[in-house]
Amino acid sequence: MGRQINCPKKPLRIVSLVPSQTELLVDLGLEEYIVGVTKFCVHPKHLRMSKKVVGGTKKISLAKIEAAKPDIILCNKEENTKEIVEALEKLYPVHVSNINDLEDSLELIMQYGTIFNKMFSATKIVSTIRNEANTFKDFIKDKPRKKVAYLIWKEPYMAAGKNTFINHMLTLNNYDNVFSDSLRYPETTLEALKELKPDSILLSSEPYPFKRNHIDEIKKIMPSTTVELVDGEYFSWYGSRLLDAFIYFKSLHY
């Protein structure tokens, strides 16, 4: 993003305001240095019981962050607001990631390896993800392409569009996103979606928790369209979640 941050000392007290980046910290071997997380940092499950919860990704408690006395705060351009970053960087070094594709994610892992002196672990994770991605690339190359819509919200319905990490993951799966001409997360209706004639509609498990009854609602409007629930974490969480993502993606194509 062209930002520069200065850490006057080695950062040993970390506040993470991004769930996928919190998981990455743990997998890099940095759990003991995490002093603050969000209420959405659900992996690993025990973390919120042992670390200070400082708010969500869009609303934080500055007082709780101050009490955690962080050396560095980790944010993301999409997950957190510009206002949060601007308020925090007056007081602390703030690292802001901007993840649009697989290479961005791998670069972030290596940046964390540098910042937190975990290059061995970072290199190992990146190498494993690259191998899994290459294996999946061979697996998927002869699979038929499908037109899909990936829904992330209801009332109103919202889909993943271009310039998103989700759209990149769809592309890797040989899925042609029917909203690839729309920026970010466009609103839609079932009637408008029907006009786009997707082969399949993917209902994400997050941020809106789509369930089986939502499949029935959509099938009433589009009875001939395949509608399925998918694990949103594998499509939208970058970092070390990618270690298992391509195994999950394979299961969608069997």
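This is a predicted model, so every value here is computed, not measured. (Residues numbered from 1 in each chain as written. Predicted model: local features only at pLDDT ≥ 70, side-chain atom pairs only at ≥ 80, totals over all residues. Heavy atoms only, no water.)

J.: Break down the UniProt feature "domain: Fe/B12 periplasmic-binding" (unreviewed entry) in the protein for me, citing the residues and quoting the values.
T.: According to UniProt, the positions carrying the feature "domain: Fe/B12 periplasmic-binding" (unreviewed entry) are residues 13-254. Each end of residues 13-254 is marked by a C-alpha atom, and these two atoms are 44 Å apart; helix forms 43% of the span and strand 18%. (UniProt positions renumbered as here; feature names shortened; annotations may be inferred. Helix = DSSP H or I, 4+ residues; strand = E, 2+ residues; numbered from the N terminus.)

J.: Describe helix α9 (residues 212-221), naming the residues involved and giving the relevant values.
T.: If you check which residues of α9 are buried, you get His214, Ile215 and Ile218. Summarising the axial view, the buried residues of α9 lie within an arc of 105°, below the 170-degree limit, and thus occupy one face. Away from the buried face of α9 by more than 90 degrees, exposed residues Arg212 and Lys220 are located. Against β6 (146-153), β7 (157-159), α8 (190-196), β10 (200-204) and β11 (226-230) lie the buried residues of α9. (Buried < 20%, exposed > 50% of the residue type's maximum accessible area, 1.4 Å probe, protein only. Arc of directions from axis to C-beta. Contact = heavy atoms within 4.5 Å.)

J.: Summarise the side chain of Arg241; cite the residues concerned and give the values.
T.: Looking at the element boundaries, Arg241 is found in the loop between α10 (232-236) and α11 (242-253). Residue Arg241 is classed as buried on the basis of its relative accessible area of 11%. Reaching out from Arg241, the side chain makes a polar contact with the side chain of Glu23 at a distance of 2.4 Å. With near-sequence residues (within four places) excluded, Arg241 lies in contact with Glu23, His43, Glu233 and Tyr234. (Polar contact = N/O pair within 3.5 Å; in protein donor to acceptor, adjacent residues only side chain to side chain.)

J.: So what's going on with the pairing of strand β5 (residues 94-97)? Residues and values would help.
T.: Of the two faces of β5, both are covered, the one formed by Val94 and Val96 as well as the one formed by His95 and Ser97. As defined by bridge partners, strand β4 (residues 72-76) adjoins β5 across 4 bridges and the pair is classed as parallel. Bridge pairing links Ile73 to Val94 in β5. For the handedness criterion, the β-α-β arrangement of β4, helix α4 (residues 82-88) and β5 is classed as right-handed. (Pairing = 2+ DSSP bridges. Right-handed = clockwise from strand over helix to strand, strands pointing away.)

J.: Explain the packing of aromatic side chains residue by residue, including any values.
T.: Aromatic rings in a pair are described by how distant their centres are and how their planes are angled relative to each other. Tallying each qualifying case throughout the model produces 13 aromatic pairs. For the cation-ring pair, Lys250 lies above Phe139, with the distance from its terminal atom to the ring centre recorded as 5.7 Å. (Phe/Tyr/Trp six-rings, centres within 6.5 Å; stacked < 30°, edge-to-face > 60°. Lys NZ or Arg CZ within 6 Å of the ring centre and 35° of its normal.)

J.: Describe the nonpolar core, with residues and values.
T.: Of all hydrophobic cores here, the largest spans 48 residues; its most connected members are Tyr150, Phe235 and Phe249. Of the residues forming this core, the biggest block, 8 residues, is contributed by helix α6 (residues 119-140). In this structure, Phe179, Leu190, Ile215 and Val227 belong to the second largest nonpolar core, which totals 16 residues. (Core = buried A, V, L, I, M, F, W, Y, C linked by side-chain atoms within 4.5 Å.)

J.: Got a sec to walk through the pattern of salt bridges? Specific residues and values, please.
T.: Counted under the stated rule, the structure contains 9 salt bridges. Sharing partners across several salt bridges, the network here consists of Glu23, Glu233 and Arg241. (Salt bridge = Lys/Arg side-chain N within 4 Å of Asp/Glu carboxyl O.)

J.: So what's going on with helix α7 (residues 165-172)? Residues and values would help.
T.: For α7, the complete set of buried residues consists of Phe165, Ile166, Asn167, Met169 and Leu170. A positive phi of about 65° marks Asn174, the residue just after α7.

J.: Lay out the sheet that holds β4 with the relevant residues and their values.
T.: Here we have 5 strands laid out as an open sheet, ordered β3-β2-β1-β4-β5, and parallel in their pairing. Unpaired on one side and paired on the other, β3 (52-53) and β5 mark the two borders of the sheet. Where strand β1 (residues 14-16) and β4 come together, 3 bridges link them in parallel fashion. Note that in β4 the partner of Val15 across the bridge is Ile73.

J.: Which residues make up the environment of Met158, and what are the values?
T.: Secondary-structure assignment places Met158 in strand β7. Sequence separation of Met158 and Thr189 is 31 residues, and the distance between their C-alpha atoms is 8.3 Å. In this view, Met158 contacts Tyr150, Leu151, Ile152, Trp153, Tyr185, Pro186 and Glu187; residues no more than four positions away in its chain are not counted.

J.: Which residues make up the side chain of Asn80, and what are the values?
T.: In this fold, Asn80 is placed in the loop between β4 and α4. There is a polar contact of 2.8 Å between the side chain of Asn80 and the backbone nitrogen of Asn76.

J.: Quick rundown of the packing of α6 against α11? Include the residues and the values.
T.: For the pair α6 and α11, interaxial distance at closest approach is 8 Å and the crossing angle is 15°. Between α6 and α11, the angle falls in the class roughly parallel. Here α6 and α11 pass one another in a crossing that is left-handed. Listed contacts from α11 to Ile125, Thr128, Ile129, Glu132, Ala133, Thr135, Phe136, Phe139 and Ile140 of α6 are Leu242, Leu243, Phe246, Ile247, Phe249, Lys250 and His253. A breakdown of the residues in the contact of α6 with α11 according to their chemical character gives 11 nonpolar, 3 polar and 2 charged. (Axes fitted to C-alpha atoms, helices over the stretch in contact; angles between N-to-C directions. Parallel < 35°, antiparallel > 145°, perpendicular 65-115°, else oblique. Left-handed = near helix turned anticlockwise from the far one by under 90°. Nonpolar A, V, L, I, M, F, W, Y, C, P; charged D, E, K, R; others polar.)

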